[in-house]
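Each chain, letter by letter, is given below.
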Amino acid sequence: MNYWLHRISHHAEFSYPLMELNLLSIGFSDFAYDGFINRVLNGGETWEKRWETFENEVEEIWGEKPRTRHNLWRFIEGFKKGDWVIIPGNGIFSIYEIIGEKPMKIDDFPIENLKSWNGSSVLKIDGLLYTEKREIIDLGFVWEVKPVYKNISRYQYADSSLTARMKIRTTNANIYDLKDSIEKSVTAFLKGKPINIHSQLIENIAPTVLNSLKQELNPDKLEYLVKWYFERIGATEVYIPSKNESGKEGDADVIATFESLKLIIYCQVKFHSGQTGDWAVQQILDYKNKKEKMNEDDNNSMDDEYSRINWVISSGDEFSEKSSNVAKQEKIQLISGLKFSKMLLEAGILNLNKAF
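Overview of the structure. (Residues numbered from 1 in each chain as written. Predicted model: local features only at pLDDT ≥ 70, side-chain atom pairs only at ≥ 80, totals over all residues. Heavy atoms only, no water.)

Core analysis: the biggest nonpolar cluster contains 28 residues, and Leu225, Val226, Tyr229, Phe230, Cys267, Trp311 and Phe340 have the highest contact counts within it. Among the secondary structure elements, those contributing two or more residues to this core are α8 (197-216), α9 (219-232), β12 (254-258), β13 (263-270), β15 (307-314) and α12 (337-347). Element by element, the count of residues in this core is highest for α9, at six residues. Apart from the residues lying within four places of it in its own chain, the contact partners of Cys267 are Val226, Phe230, Ala252, Asp253, Val254, Ile284, Trp311 and Ile313. Counting residues in each nonpolar core, the second largest holds 26 residues, with Met19, Phe28, Ile98 and Trp143 among its members. (Core = buried A, V, L, I, M, F, W, Y, C linked by side-chain atoms within 4.5 Å. Buried < 20%, exposed > 50% of the residue type's maximum accessible area, 1.4 Å probe, protein only. Helix = DSSP H or I, 4+ residues; strand = E, 2+ residues; numbered from the N terminus. Contact = heavy atoms within 4.5 Å.)

What follows is the structure in structure tokens.
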């Protein structure tokens, strides 16, 4: 598979609507006659022979060989089925896969219903396209394509190398050398994690933060750190319930109230390594059920305009499958050690020493 950049700038008012029909276009209508593509593609067993055939065709029609001919050459002879084509847009880019066996003349496709950006119709006359004012629309050739990923933010998901390449002025270019950058952009886009200095610092530093938490904290200190975190992000009241609360069913280690949001978070905190089992989830679930029962007994039924959600924060690496299934069913938020480390960094660690 190869990677290409292809800029849609020629008659963009028609080329972009054509993309909605999964047709990637280029100009050069002067060459859109029967036999041209076959003569070029079958012009020899080597690309040098095919290039010689192409050069002769160009010179015969135009009487010269301008530099722009390289764009048509890449479009016809370079692009192949299965290749990815990056299409730059205004602040975005999209990725399409070529699904056609070979390029075709625009005249080979039924596009009578094609409309421009402003709703103008397209007229097809003698194999060429015209506007309603009988002005020629130079869309000579197309590839059949399918969208892979559309409307990706350049700012968020293109690194410096890919961003710079999308600014080149030529119509198209082979960008296989940016394979890693493209795949990095796609991975970040699918995960919803933008490529920028902020997100990269968070990703790189978080494992170090987690390692420090495991080495320097203990169960009580982790609870105080979680308390500090809730205060840091704006909780109006945070407290750690007494450990010897009589008749206690279940367990919430930290309870945070966000008055402006009418939100209360019950949080179970676990300090250990490895995998966190379902006991932590069951504890916070039992605590929630106990609170609901107490309010029902008081004829309150928790009808106080507050929403209540349940978290489990663990210094561990992951949660067991059983705990994940229960949490999903009961709508309990599970936060691993690495995720909590990232949350701390996002909140800012200034005055972190005041947590203890």
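Here the narrative resumes, following the displayed structure.
Before going further, it helps to examine the side chain of Lys105. Along the chain, Lys105 turns up in strand β5 (residues 104-105). Apart from the residues within four sequence positions on either side, Lys105 is in contact with Ala32, Tyr33, Asp34, Ile37, Gly140, Phe141 and Val142.

Enumeration over the complete set of coordinates arrives at 22 aromatic pairs. Centroid distance Tyr33 to Phe36: 5.8 Å. Interplanar angle 65 degrees. Geometry classified as edge-to-face. Of the residues examined, Phe36 reaches a relative accessible area of 0% and is grouped as buried. An aromatic cluster is defined as three or more aromatic residues linked by ring pairs; in this entry it consists of Phe28, Phe31, Tyr33, Phe36, Trp51, Phe54, Trp62, Trp73 and Phe141. (Phe/Tyr/Trp six-rings, centres within 6.5 Å; stacked < 30°, edge-to-face > 60°.)

What follows is about helix α7 (residues 179-191). End to end, α7 covers 18 Å across 13 residues, agreeing with the expected 18 Å (1.5 Å per residue, within 8%). Ser181, Ile182, Ser185, Val186 and Ala188 are the residues of α7 that are buried. The buried residues of α7 occupy an angular sector of 165 degrees when the element is viewed end-on, so they sit on one face. Exposed side of α7, more than 90 degrees from the buried face: Asp180, Leu190 and Lys191 are the residues found there. Contact partners of the buried residues in α7: β1 (3-6), β3 (84-88), β4 (92-98), β9 (141-153), α5 (154-157) and α6 (160-165). At the C-terminal side of α7, Gly192 shows a positive phi close to 70 degrees. (Expected span 1.5 Å × (residues − 1). Arc of directions from axis to C-beta.)

Moving on: the sheet that holds strand β6 (residues 123-125). Taken in spatial order, the three strands line up as β6-β7-β8 in an open sheet, and their pairing is antiparallel. Every other strand in the sheet has two partners, leaving β6 and β8 (136-137) as the edge strands with one partner each. Note: β6 against strand β7 (residues 128-130), three bridges, orientation antiparallel. Counted as the bridge partner of Ile125 is Leu128 from β7. (Pairing = 2+ DSSP bridges.)

What follows concerns the layout of surface pockets. The calculated volume of the largest pocket comes to roughly 290 Å³. Lys193, Pro194, Ser199, Gln200 and Glu203 are, among the 15 residues lining the largest pocket, the residues nearest its centre. Examining the composition of the lining of the largest pocket, we find that five residues originate from one element, α8, more than from any other. Residue composition of the lining of the largest pocket, by class: four nonpolar, five polar and six charged. (1 Å grid on protein atoms, 1.4 Å probe; cavity = no way out; pocket = protein on both sides within 12 Å on 5 of 7 lines; lining within 4 Å. Points joined across faces, edges and corners; volume = space filled by probe spheres on them. Nonpolar A, V, L, I, M, F, W, Y, C, P; charged D, E, K, R; others polar.)

The pairing of strand β2 (residues 23-26) with β9 spans four bridges and is classified as antiparallel. Directly across from Leu23, in β9, lies its bridge partner Glu144. Here β4 pairs with β9 via six bridges, running antiparallel. Of the residues in β9, the one forming a bridge with Ile95 is Tyr149.

Nonpolar side chains collect at one region of the surface, where Ile197, Leu201 and Ile205 lie side by side and expose about 280 Å² of accessible area between them. With a relative accessible area of 37%, Ile205 lands in the partly exposed category. (Patch = residues over 30% accessible without salt bridge, like charges linked within 9 Å, V, L, I, M, F, W, Y side chains within 5 Å. Areas by Shrake-Rupley, 256 points an atom, 1.4 Å probe, with all protein chains shown as cover. Salt bridge = Lys/Arg side-chain N within 4 Å of Asp/Glu carboxyl O.)

With that settled, consider the packing of helix α3 (residues 47-62) against helix α4 (residues 69-78). The interhelical angle for the contact between α3 and α4, taken along N-to-C directions, is 130 degrees, at an axis separation of 11 Å. One finds that α3 runs oblique with respect to α4. In the packing of α3 onto α4, the handedness of the crossing is right-handed. Counting all contacts with α3, which are made through Trp47, Arg50, Trp51, Phe54, Glu55 and Val58, the residues of α4 involved are Arg69, His70, Leu72, Trp73 and Glu77. Its residues placed into classes, the contact of α3 with α4 shows six nonpolar, one polar and four charged. (Axes fitted to C-alpha atoms, helices over the stretch in contact; angles between N-to-C directions. Parallel < 35°, antiparallel > 145°, perpendicular 65-115°, else oblique. Left-handed = near helix turned anticlockwise from the far one by under 90°.)

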